[in-house]
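Coordinate analysis (summary)
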Amino acid sequence: LFYGSTLPTGFTDKTRIQAVSTIETAEKLGITADAAAWETRVLHYILTSIFNSNPAISLYVGIFKPATNAPTFAEIKKMQDYAGGKIRQCGVWNGTVELSASILTSLKAVHNTLESQDRPMQILYAPKVTDVTSMPAELAGANQYGVSVIIGQDGAGVAAELYASADNSSKASVSGLGDLVGICSAAAVNESIAWVEKYPTGIAVPAFGDGTLLRDLDRAVIEALDASRYLFFVTYDGFAGSFFNDSHTMDAVTSDFAYIEAVRTMDKACRGVRTYTLPKLGRPLKVDASTGKLATYVVEDLQITANKALEDMEKAGELSGYKVEIDPNQNVLSTSEVEMVITNVPTGVMRKLGIKIGFAASV
């Protein structure tokens, strides 16, 4: 989802969303690297980064005018409606507008609406960064899962050229959103986008949305940005390439959904269970005539049905385990509702590694 005032030739006021399978498709729609409009060139750069990270991605591009007042981000829902609920993560470029608590609240409201409609997605948001040392430090908080904020961009190559050529009056951020969307879509739902071995980024020189290079920023500031749960690019001494600092959502650090992979894993579990159990709606519910309890075979059938999606995820390594429970004492004759309780055991992520090393006379 790209907020810009210029529509490429393949888009109109009535056709603002298009399926884009390759960068060649994007260029046929007028999204080119040499377009007259600066923002169109930025969009081309972002799409190129996406396809470089994941050439097999199924992608939709929506271009909408920026909100004149407080944005509601209703366009995210429009894109999910257009895609028939297929979108799993939505990158949102709003690089001319600084981040605020109200923007985060609006993004979370859209996420909650889609979640309640059984169309959950992870929102990956790229705002304008005017001064990386003055980023809001207290925006992350309880129940703000499903939304992540990226403040990093490339400090070299095309991104640096685009940033240098931006209108000096606004100095919009280019953002590394393309790498984030591409890697997030390529990763298994339980995998962290910060997995060094598997997910190096295409960022040559890690920088932030105000042009400040990572190497020029004091370590204390970098640690504060990480603690504030922003996403950006980092390097490791003696190791080539750049990587995501982590996979934060804007939820509280103590939450079960503090990281993107936790949200994506639960979203997939919810979609899978729904897919298998939905056909059971409207079925007869046999009860024991003497107790009024659900018949044993009904409970077992529903448990087996709900287990199918979770079993597939466990086999794929996306869950460590799971359990589906159905209380047979439910009064289904009066409520016509069967309640299931599903407990998932996630996979872990090695975010830190402590190694003790020393000398000994012998081993």
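Please refer to the structure placed before this passage.
The structure reproduced in this document is the subject of the present report. All residue numbers here refer to positions counted from 1 along the written sequence of the relevant chain. At least 70 in pLDDT is required for a residue's local features to be given in this predicted model, at least 80 for side-chain atom pairs to be given and counted, and no such filter applies to totals for whole chains, interfaces and linings, which use all residues. With hydrogens and water stripped out, all remaining heavy atoms of the structure feed into the side-chain values.

**Quick look at the layout of surface pockets**
Counted as a void, the largest pocket has a volume near 1,100 Å³. A cavity here means a set of 1 Å grid points, computed over protein atoms only, where a 1.4 Å probe fits but cannot escape. A pocket is an open set with protein on both sides within 12 Å along at least 5 of 7 lines, and lining residues have an atom within 4 Å of a point. Every residue lining the largest pocket is counted, 31 residues in all, and those nearest its centre are V234, Y236, F244, N245 and R351. Helical segments are the DSSP runs of H or I of at least four residues, strand segments are the runs of E of at least two, and each set is numbered from the N terminus. Within the residue set of the lining of the largest pocket, elements represented by two or more residues are α7 (219-227) and β9 (233-236). It is α7 that contributes the most residues to the lining of the largest pocket, five residues altogether. Grid points are joined across faces, edges and corners, and a volume is the space filled by probe spheres set on the points.

**Observations regarding the packing of aromatic side chains**
Between 30 and 60 degrees the pair is tilted, below 30 it is stacked and above 60 it is edge-to-face, where a pair is any two Phe, Tyr or Trp rings, Trp via its six-membered ring, whose centres lie within 6.5 Å. By the definition in use, this model includes 10 aromatic pairs. The interplanar angle of 10° and the centroid separation of 4.4 Å between the aromatic rings of F2 and W93 together place this pair among those described as stacked. Here the residue F2 occupies a position in strand β1 (residues 2-3), and W93 occupies one in strand β4 (residues 89-98), the gap between them amounting to 91 residues. Among the residues examined, F2 registers a relative accessible area of 4% and is labelled buried. On the accessibility criterion, W93 (1% relative accessible area) is buried. With a centroid separation of 6.2 Å and an interplanar angle of 75°, the aromatic rings of W195 and Y199 are classed as edge-to-face. Only protein chains enter the calculation, and the probe is 1.4 Å; a residue is then buried if its accessible area is under 20% of its type maximum, exposed if over 50%, and partly exposed in between.

**A look at unusual backbone geometry**
Non-glycine residue D118 carries a positive phi angle of around 60°. Relative to the elements of secondary structure, D118 occurs in the loop between α4 (101-116) and β5 (122-128). Judged by relative accessible area, D118 falls into the partly exposed class, the value being 42%. One non-glycine residue, S175, lies in positive phi territory at about 80°.

These figures come from the coordinates and say nothing about function on their own.
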